[in-house]
Protein chains: 2
Amino acid sequence: MARLPVYLRALGTFADRNVATVSSEELAGAAGVNSAKLRKDLSYLGSYGTRGVGYEVAYLRYQISRQIGLTQDWPVLIVGIGNLGQALANYGGFVSRGFRVVALLDADPARAGEVVAGLAVRPFADLSAVAAEHGPCIGVIATPASAAQQVAGALVAAGVRSILNFAPAVLAVPDSVDVRKVDLSIELQILAYHEQRKTARFVALDGPDDVRDPRFGAEVPAGAGFGGRP
Amino acid sequence: MARLPVYLRALGTFADRNVATVSSEELAGAAGVNSAKLRKDLSYLGSYGTRGVGYEVAYLRYQISRQIGLTQDWPVLIVGIGNLGQALANYGGFVSRGFRVVALLDADPARAGEVVAGLAVRPFADLSAVAAEHGPCIGVIATPASAAQQVAGALVAAGVRSILNFAPAVLAVPDSVDVRKVDLSIELQILAYHEQRKTARFVALDGPDDVRDPRFGAEVPAGAGFGGRP
DNA sequence: GTGACTTTGTGCATGCGTTCACATGAACCT
DNA sequence: AGGTTCATGTGAACGCATGCACAAAGTCAC
Ligand SMILES: NC(=O)c1ccc[n+]([C@@H]2O[C@H](COP(=O)([O-])OP(=O)(O)OC[C@H]3O[C@@H](n4cnc5c(N)ncnc54)[C@H](O)[C@@H]3O)[C@@H](O)[C@H]2O)c1
Ligand SMILES: NC(=O)c1ccc[n+]([C@@H]2O[C@H](COP(=O)([O-])OP(=O)(O)OC[C@H]3O[C@@H](n4cnc5c(N)ncnc54)[C@H](O)[C@@H]3O)[C@@H](O)[C@H]2O)c1
């Protein structure tokens, strides 16, 4: 069900062009998925289409928004106002999609008081007060990886049950808390993996299936930083 | 196979602590996955463990790095040096993981020449020259969504076959090109979805399964911006 | 050297997501 | 009003990932 937001965004582009109804084929094309998958996804929400015609853009948009829980604005608090935290705070794309940044927190005393994107940076100790003030909200971790687990613990203690983590660290939280991670290094490494196989195909035409060769272990240069097998 | 980078990172933390060997249980714990899954994943690369002992940290680290294609540094070029592009350019976590930002491109003439993270921002027209200079590389799109498709086309035309897209847009590219997307709004919306179901449980104790009720369609306020069903 | 113990590597079953294909049903034209 | 056309909604088959449970294999102690 991670595709609903994509459908919603695609519906938005149709609405901007004043399109009244779309077929599953058109919408699937705009969302980059199979049309059968789109129909099956939408059928889980209910029968919101008209056979022979398609889906009414405005109506389907509302139904998906309601399903996701975007009929209300969700408060977002960002922890760690460094490079990334500032970019996030300045990002206008959140408010237009049902989210509102309500607080910026940082442990660095030098940063407290600084104004970023119209909000004053508050000391990390204010966390529980801020969380209590806004009710159910979403916490964003943009601190170094070494602080991520500690911050996550503090967020949970403050009552936050939804966390978006940008730090390259695995977080341990209670089952009742949802954590989603965004790790750019992982994305780049996956791309590098495919890129390597693509370029390798030009070197060895019989395909990249032989890379398993265990002898490669012996070919590690002594000073490579990893060390070879003893 | 998107988990290999996670294993690699977990292995890094063990190496930092001078741990020589790890069992699949320990490593799986650090990576946040099931130990059977970890062993099966590693078995696809070959038999790099020792029964009764575990995996040698340094050796396994090298094997995974090689599998991913991290024995060489991959050049990265960033298009769109706004809030996000600058944060990415300033991020030190890339170089430590086998990536090197080699060029910053922006269409805004006012930005060209500006120095960000020790690199001069170059005009977008330099793209093909930069790509040709560095060979196989990874393109990062950090422009507004409206420009994303055009930028993607230019990247492909310049020979880039791996793209990381931060803009909330579906990109159409040839099959030979890999695109991975990072969409923060989608992540937040997924969190909101779960958060909604959690909070809804306190309101209606019989569970959130009734939200399908089609009558809800009639309850759209006239001025909600979406419009009700006619 | 032998035995007991530890941990890997994997066969197998289960469940989930994806996709094809078609029947259902609505609208439109004559 | 009847037939035609069109696109939805869904049944069923397929393929893949996950996780259990166990045999193979190697180590360590004595
Ligand atoms: N900058 C990027 O583009 C980028 C890309 C990918 C991942 N990341 C990850 O995002 C995180 C932040 O990156 P960054 O470049 O913004 O780092 P940064 O060093 O610029 O900012 C980190 C901020 O967190 C604050 N902080 C440190 N410990 C804290 C604590 N315990 N509680 C609250 N605040 C604390 C620091 O004061 C600092 O302001 C890192 O984990 C990084 O790996 C960043
Ligand atoms: N800032 C964030 O934290 C954040 C978070 C999530 C997603 N995003 C997405 O990332 C993208 C960039 O966000 P941002 O906040 O940095 O925006 P921004 O407006 O600050 O920066 C965009 C930059 O792209 C440049 N640009 C525009 N058209 C271009 C073109 N055709 N070729 C090359 N460069 C071009 C502009 O000159 C500008 O410098 C957007 O699509 C946004 O939705 C940003």
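Per chain, residues are indexed from 1 in the order of the written sequence. Ligands are numbered from 1 and chains lettered from A, in the order in which they are written. Selection of residues for local features in this predicted model requires a pLDDT of at least 70, selection of side-chain atom pairs for listing and counting requires 80 or more, and totals for whole chains, interfaces and linings are taken over all residues. Side-chain measures here rest on the full set of heavy atoms in the structure, leaving out hydrogens and waters.

Let's shift gears to helix H7 (residues 145-157) of chain B. In a regular helix each residue adds 1.5 Å, so 13 residues correspond to 18 Å; H7(B) covers 19 Å between its end C-alpha atoms and thus fits that length. Trailing H7(B) by a residue or two, B:Gly159 shows a phi angle of about 100 degrees, which is positive. Comment: elements are numbered from the N terminus, with helices defined as DSSP H or I runs of at least four residues and strands as E runs of at least two. Here the expected length of a helix is defined as 1.5 Å per residue gap, with one fewer gap than residues.

Neighbouring residues are identified by heavy atoms, a residue being near a molecule or strand if any of them is within 4 Å of it. Close to DNA strand C lie 23 residues; A:Arg51, B:Ser24, B:Arg39, B:Gly52 and B:Tyr55 are nearest. Expressed as a percentage, the sugar and phosphate content of the atoms of DNA strand C within 4 Å of the protein is 62%. Contacts described as polar in this section are N or O atom pairs within 3.5 Å, which, within protein, must combine one atom able to donate a hydrogen with one able to accept it, while residues neighboring in sequence count only if both atoms come from side chains. Residue B:Gly52 places a main-chain N or O atom 3.1 Å away from a sugar or linking oxygen belonging to DNA strand C. Among the secondary structure elements, those contributing two or more residues to the surface near DNA strand C are helix H3 (35-45) of chain A together with helix H3 (35-45), strand E2 (49-50) and strand E3 (54-56) of chain B. Tallying contributions element by element places H3(A) first for the surface near DNA strand C, with four residues.

Packed helices, taken two at a time, are described by the angle their axes make and the gap between the axes. Residues and elements named next belong to chain B. Contact geometry for helix H1 (residues 4-16) and helix H2 (residues 24-31): axes closest at 9 Å, N-to-C directions at 110 degrees. On the basis of their axis angle, the class for H1 and H2 is roughly perpendicular. Where H1 abuts H2, its residues Val6, Tyr7, Ala10, Leu11 and Phe14 lie against Glu26, Leu27, Ala30 and Ala31. In this count, Pro and Cys sit with the nonpolar residues alongside Ala, Val, Leu, Ile, Met, Phe, Trp and Tyr, while Asp, Glu, Lys and Arg are called charged and the others, Gly among them, polar. Partitioned by chemical class, the residues of the contact of H1 with H2 number eight nonpolar, no polar and one charged. Simply put, an axis is a line fit to the C-alpha atoms, just over the touching stretch for a helix, and the angle between two N-to-C directions goes from 0 to 180 degrees. Each angle is binned into one of four classes, with values under 35 degrees roughly parallel, values over 145 roughly antiparallel, values of 65 to 115 roughly perpendicular, and all other values oblique. Contact between two residues is taken to exist if any of their heavy atoms lie within 4.5 Å; hydrogens are not considered.

With that settled, the discussion passes to the pairing of strand E8 (residues 138-141) of chain B. Residue and element names in this part refer to chain B. Burial of the side chains of E8 extends over both faces: Ile138 and Val140 are buried on one face and Gly139 and Ile141 on the other. Note on pairing: two strands pair once DSSP finds at least 2 bridges between them. Alignment of E8 against strand E9 (residues 162-165), held across four bridges, turns out to be parallel. Bridge pairing in E9 places isoleucine 141 opposite asparagine 165. Remark: the E8/H7/E9 crossover connection has right-handed handedness. A simple rule labels every residue: compare its accessible area, found with a 1.4 Å probe on the protein chains alone, to the largest value its type can have, and call it buried under 20%, exposed over 50%, or partly exposed in between. Every crossover in which the path from the first strand over the helix to the second runs clockwise, viewed with the strands pointing away from the viewer, is termed right-handed.

Pairing of aromatic side chains requires ring centres within 6.5 Å, counting the rings of Phe and Tyr and the six-membered ring of Trp. Pairs whose planes differ by under 30 degrees are stacked, by over 60 edge-to-face, and all others tilted. All told, the structure shown has four aromatic pairs over all chains when counted by the stated rule. Ring geometry for B:Tyr48 versus B:Tyr59: centroids 5.7 Å apart, planes at 85 degrees, classification edge-to-face. Here the residue B:Tyr48 occupies a position in the loop between H3 and E2, and B:Tyr59 occupies one in helix H4 (residues 57-68), the gap between them amounting to 11 residues. In this structure, A:Arg17 is placed above the aromatic ring of A:Phe14, and the distance from its NZ or CZ to the ring centre is 4.9 Å. For a ring to carry a charge above it, either NZ of a lysine or CZ of an arginine must fall within 6 Å of the ring centroid while also lying within 35 degrees of the normal to the ring plane.

Take the sheet that holds strand E10 (residues 178-181) of chain B next. Note: strands within a sheet are paired through backbone hydrogen bonds, in either parallel or antiparallel orientation. Residue and element names in this part refer to chain B. If you trace the seven strands from one edge of the open sheet to the other, you get E6-E7-E5-E4-E8-E9-E10, paired in mixed fashion. Edge strands, defined here as strands with exactly one partner in the open sheet, are strand E6 (115-116) and E10. Direction of pairing for E6 relative to strand E7 (residues 119-123): antiparallel, over a ladder of two bridges. Bridging across to E7, valine 115 finds its partner in alanine 120. Lying over the sheet, H7 contacts strand E4 (74-79), E8 and E9, oriented at roughly 165 degrees with respect to E8.

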